[in-house]
Structure formats: C-alpha cells, structure tokens
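Examination of the molecular architecture
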Amino acid sequence: MTRLAAEQRHRIRFTLNGEAVDRLCEPRMLLTDFIRHEIGATGTHVGCEHGVCGACTVNIDGQPARACLTLALQVEGCEVRTVESLADKQGRLGVLQSAFRKHHALQCGFCTAGILISLDALFARRADADEAEIRDVLTGHLCRCTGYAPIVKAALEAATELRGDISHEPIDA
Amino acid sequence: MKPAAFDYVRAESLDETLDVLRNAGGDARIIAGGQSLMPMLNLRLARPRILVDIMRLKELRRIEPRQDRIAVGAAVRQAELLQWPSLDRELPLLSLTLPWSGHVQTRSRGTICGSIAHADPSAEIPLALLALGGEIVLRSASKRRRVAACDFFLGVMATDRNDDELIEAVEFRVSNGRRCGFREVARRHGDFAIVACAAVTTDRGVRLAVGGVADRPVAREFETLEGSALDDALNAFAWDLDARDDLHATARYRRDLVRMIGRELIAEVTQ
C-alpha cells in the first residue's frame, strides 16, 4: 500500500506534452496548480475550480478532462497534453488554432485553451465530426464573449481541413 | 478553492482499501474518477482525512453480465460504459441517459459507481438504476451485502452505505425486450436536471422514475396507461414528489414537467 502523508511532498512522474515530468507535490495539489505553478505552463486557465466552466480542460491519456477536478497525484504515469502542445516548436499555430484566429472564435481568450483541447481530442477520435458533435463537446465549456457561433464555424472549417478536403492558405501576416 | 489537506492512499488491493475504510472511522473517502468528490473537496463541503484512490484496482474495472444483470465495477468510467459494445442491446436506457450525465470532459473520468455513491437527487445514473430495478453491491472488510436501488437513496447526497463500505459494483437489470425512454429538461445540456424522467415497461404497465424533484430519485408503477385516469395518476405522483422552489425552477414548473414528460414518455414506450 502506498500512503502519502498530507503535509509532505511526494514524487510524481508523468508525461507533459511529450516531455517527462519528475517532481514533488503535496497530495492536495490540483493538476491545474501543478501545471501552472510547479511547471510554469500557464496556457491552461483556471476558472470556476469546480468543473463547470471548462477553462482548465486538458488531455489525459487521449481524453479531455477537467484539470481542476483532478489531483496531480492521480495522473502518475499518464500522458497529459495541454494547449502548449497544439502549436509546433516554432510557435506556428496548428490547424484548429489558425481557424479560431481566422473566424474570430475568441475575444478575451480565457476559455479558449480548454475548448481547443476538447475539440482537438474530438477530431483525433472522429475526423468526420459534424456540427451536432462539435456543439455537444462545447456544452462542456462556457464562453462569455463569442456566443459560440464563430467557435462552431472555426471548428467545422478545421475539421474539413484536417480531413484534407480543402487546401489551407497561410494567414500569417 | 483548494481541498483541505489529506493523506492519499494509492490502493493496490481491495483488501487494503477495505482495511483503510474500517480503521478510519468515517474519516476516509474513496476517490475514483473524482468528478463528484473533487468539487466537494474544492468547496470544502467534504474534508476527509484520508483519500483512497481505487482506480488502479483491475478487479474493479469490469463490466460483466451476471444472469439477468450487468454488473459495473467501481472503477468503470462513464465513458467506458458508454462505449461498451453491448450497451444498446443490454441496457438501452443507459444509452439514452449517459449522454446527459455531465459532459464528455467529465464522463471521461467520472465513474458509474461514483455517481451512485454521490447520490445527487438530479443525477441521471441513480435515476436509470432505479428505473431498471438495479442493486448496489456494498463491500466492507467483514461482509458483502446488496441493497435495492429503491432502498439505497435516502435523501440529498445521503445513502444506505456505511462509512466502512465501498460500492464494489452496481447491477443494472438487462432490458430483455422491455421498452424504455428518457427525457430531461436542464438549462444547458449536461447540467443538472431541473426534471429528468425515465420510463421502462414492466409486466403490469410502465415504471416511471423522476429525478430532480424530490430529495432522491423516485419511481412509481403505472397500470392505467391512457385517458384522464392516467392524467390523475401522474398529477398525484407530481404532488407526492413534494417539489420545492429553488434558483433553477419553481415547484409548479417541476410538477408541470412531471405531468407532461410523464405522459409523453408513457405514450412513447407503450406505442
């Protein structure tokens, strides 16, 4: 039996965006705080901290999940991906991110990281996801700026492009 | 909002899990997917001294047919049951209800048994278990016992489970040709239900279960399935649920929904 005492820091190992993490944390530390404060990857946002808003959504072993409803210790041995993994090493936006930019699918951007992660997981699972499935995934997120319509539009265009149905014109200014 | 401090036990066997529960005297809580318990910890509505993580126990991660039932182990996630290939055939009611339980981002981690243990009166999984006439299998260091769903839920987030017991599995009765239906009204798909109804045909008529109105899911059997007699019976059911006004809806609106959705669902499953 592994019993990890409350007031001590314990070793935790997992993979974050393809890189091995090997650090210490207290049992009560949330995955959101571990990623932001211990690692310093601040792309994952913290909104409501009780699982409602979706801002903190990360990918755990291929599935979108609430980082605020996950203890850091629970992802021991898991593969975790955050919004930082969506752009390439040179910082060029991925297909989904580019579509968000083109369609003005964000304004303040607070909810965006979580939405991108959820949609990225959807397209990885179902490349031919339709509008109903996209909207179903979006029910797990709150956006107070866009009214969702531009997000759906961007997601549909990204899905089309990811399937290879249209050629993408670079929009870097 | 951060949880208060607790010891974290990564359980490696069922026996040691049950030992921890026995010795903690109510100060230990099981964590599986954490989608109900973590909000309680973050809001400090729950402050256990010990948290026992059971997700690495393979023996709890099974979906298995047992005679006329399907047993779902304590570590089976909601998304896993939703993707179980036989779900449409064996438990069509769950094919209908699970997509309403939280969002894809919470079903990916939340477990079936966790939702039963949490016993939120508006939750869909306890409602489906009650509608199907299921049982909860409880296990402590000294014994195993079974409780029918209709006796398990005692009130808002209160159940018949003792502090030293783990919900080892829940058993749903397979559909066996019985017809079923489900309908829910909520502010946003995936949010807690204002009213959720599940209907299942039985030998004598239709069992209608309602969540989100009383302090627990409640089921009633209807034998007369048409006409004003059915309206009267549904009206009596709606009043007996003792609906209350709250932030989300008035008691009257809830009774209206029970009468209306109840009627629609009964028509749907008896067509």
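Residues numbered from 1 in each chain as written. Chains lettered and ligands numbered in written order. Predicted model: local features only at pLDDT ≥ 70, side-chain atom pairs only at ≥ 80, totals over all residues.

Quick look at the overall build of chain A now. What chain A contains, in helices and strands, is five helices and six strands. Going from the N terminus to the C terminus, chain A shows its helices and strands as β-β-β-α-β-β-β-α-α-α-α. What you see for chain A is a C-alpha radius of gyration of 17 Å, in line with the 16 Å of a compact globule of 173 residues. Across its three principal directions, the C-alpha atoms of chain A cover 55 × 30 × 30 Å. (Helix = DSSP H or I, 4+ residues; strand = E, 2+ residues; numbered from the N terminus. Rg over C-alpha atoms; globule rule 2.2 N^0.38 Å.)

What chain B contains, in helices and strands, is 11 helices and 14 strands. By the compact-globule yardstick of 18 Å for 271 residues, chain B fits well, its C-alpha radius of gyration being 19 Å. Summarising its shape, the C-alpha atoms of chain B cover approximately 60 × 40 × 30 Å along the three principal directions. Each of the 271 residues in chain B was classed as buried or not, and the buried ones make up 50%. Excluding contacts between residues fewer than 6 apart, the proportion of contacts in chain B whose partners are at least 24 apart in sequence is 62%. (Buried ≥ 20, exposed ≤ 12 C-beta atoms within 10 Å, placed from the backbone. Contact = placed C-beta atoms within 7 Å.)

This part is about the sheet that holds strand E6 (residues 135-139) of chain B. Across a sheet, paired strands are connected by hydrogen bonds in the backbone, their directions being either parallel or antiparallel. Residue and element names in this part refer to chain B. Spatially, the five strands line up as an open sheet ordered E4-E5-E10-E6-E7, and their pairing is antiparallel. Since the sheet does not close on itself, it has two edges, and those belong to strand E4 (63-66) and strand E7 (144-148), each with one partner. Each neighbouring strand pair of the sheet contributes to a mean axis angle of 25°, computed without reference to strand direction. In terms of strand pairing, E6 meets E7 through five bridges, oriented antiparallel. Bridge pairing in E7 places leucine 138 opposite arginine 145. (Pairing = 2+ DSSP bridges. Axes fitted to C-alpha atoms, helices over the stretch in contact; angles between N-to-C directions.)

On to the environment of cysteine 78 of chain A, then. Residue and element names in this part refer to chain A. Assignment of secondary structure puts cysteine 78 in the loop between strand E5 (63-66) and strand E6 (79-81). Since 17 C-beta atoms lie within 10 Å of it, cysteine 78 is described here as partly exposed. Here the alpha-carbon distance between cysteine 78 and leucine 16, two residues 62 residues apart in the chain, equals 8.6 Å.

This next bit is on the nonpolar core. Counting 129 residues, the largest nonpolar core has Val170 and Ala198 of chain B as its most contacted members. In terms of residues, this core owes the most to one element, helix H3 (residues 112-125) of chain A, which gives eight residues. Other than its neighbours up to four places away in sequence, valine 170 of chain B contacts Val72, Ile112, Cys113, Ile116, Leu129, Gly134, Ile136 and Val137 of chain B. (Core = buried A, V, L, I, M, F, W, Y, C linked by C-beta atoms within 7 Å.)

With that settled, consider the packing of helix H10 (residues 227-240) of chain B against helix H11 (residues 251-270) of chain B. Residue and element names in this part refer to chain B. At a minimum axis separation of 9 Å, H10 and H11 run at an interaxial angle of 135°. As summarised for this structure, H10 and H11 are arranged oblique, according to the angle between their axes. Relative to H11, the crossing made by H10 is right-handed. Together, Leu230, Leu234, Asn235, Phe237, Ala238 and Trp239 of H10 and Arg255, Val258, Arg259, Gly262, Arg263 and Ile266 of H11 make up the contact between the two elements. Split by residue class, the contact of H10 with H11 holds seven nonpolar, two polar and three charged. (Parallel < 35°, antiparallel > 145°, perpendicular 65-115°, else oblique. Left-handed = near helix turned anticlockwise from the far one by under 90°. Nonpolar A, V, L, I, M, F, W, Y, C, P; charged D, E, K, R; others polar.)

With that settled, the discussion passes to the pairing of strand E4 (residues 57-60) of chain A. Residues and elements named next belong to chain A. Burial of E4 is two-sided: the residues Thr57 and Asn59 facing one way and the residues Val58 and Ile60 facing the other way are all buried. Strand direction decides the pairing type here: E4 and E5, joined by four bridges, are antiparallel. Bridging across to E5, asparagine 59 finds its partner in proline 64. Taking the residues that link successive antiparallel strands as the turn, the E4-E5 hairpin has two residues, and the phi of aspartate 61 there is positive, at about 50°.

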